[in-house]
Amino acid sequence: MSIIYVLIPIAILFVAIGIWIFFWAVRSKQFEDLEKEGLSILFDEDKQQVQSDNPRQQPNHNSPSRQDEP
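Residues numbered from 1 in each chain as written. Predicted model: local features only at pLDDT ≥ 70, side-chain atom pairs only at ≥ 80, totals over all residues. Heavy atoms only, no water.

Trainee: Before we go on, may I ask you to explain the overall build of the chain in this structure?
Mentor: Scanning the chain for helices and strands turns up three helices and zero strands. Secondary structure elements of the chain, listed N to C terminal, follow the sequence α-α-α. Carbon and sulfur atoms provide 60% of the accessible area of the chain, an area that totals close to 7,400 Å². (Helix = DSSP H or I, 4+ residues; strand = E, 2+ residues; numbered from the N terminus. Areas by Shrake-Rupley, 256 points an atom, 1.4 Å probe, with all protein chains shown as cover.)

Trainee: It is not clear to me how helix 1 (residues 4-27) should be interpreted in this structure. Could you clarify?
Mentor: Because each turn of an α-helix spans 3.6 residues, side chains separated by three or four positions in sequence point in the same direction. End to end, helix 1 covers 34 Å across 24 residues, agreeing with the expected 34 Å (1.5 Å per residue, within 8%). Lys-29 sits one or two positions beyond helix 1 and adopts a positive phi of about 60 degrees. (Expected span 1.5 Å × (residues − 1).)

Trainee: What am I meant to see in a negative patch on the surface here?
Mentor: A cluster of acidic residues, Glu-32, Asp-33, Glu-35 and Glu-37, forms a negative patch at the surface. Within the element layout of this structure, Glu-37 appears in helix 2 (residues 36-40). (Patch = residues over 30% accessible without salt bridge, like charges linked within 9 Å, V, L, I, M, F, W, Y side chains within 5 Å. Salt bridge = Lys/Arg side-chain N within 4 Å of Asp/Glu carboxyl O. Lys, Arg positive; Asp, Glu negative; His and termini not counted. Charge placed at Lys NZ, Arg CZ, Asp CG, Glu CD.)

Trainee: What exactly am I supposed to notice about unusual backbone geometry here?
Mentor: Glycine aside, residues mostly have negative phi angles, and peptide bonds mostly take the trans form. Of note, Lys-29 is a non-glycine position whose phi angle comes to about 60 degrees, a positive value. As for its position among the elements, Lys-29 is in the loop between helix 1 and helix 2. Of the residues examined, Lys-29 reaches a relative accessible area of 57% and is grouped as exposed. (Buried < 20%, exposed > 50% of the residue type's maximum accessible area, 1.4 Å probe, protein only.)

Printed below as a string of structure tokens:
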């Protein structure tokens with residue numbers, strides 16, 4: 001029966017932490033756009049194709065790097 005004197009404050013502490021995390025999430029606008037992440041999987045963009053379209057982002061393996069120069 002004495003274990004209840006320990007478990008009740010621990011349960012109250014867990015509830016208080018849960019309520020604090022919920023209000024933190026609401027204040028930091030975690031619940032503003034609930035459908036964005038669900039729809040993002042449907043419109044997957046191929047990032048490798050986007051990077052290959054821009055030749056300045058690709059490393060040039062034919063030219064020597066600055067480390068090779070004296």
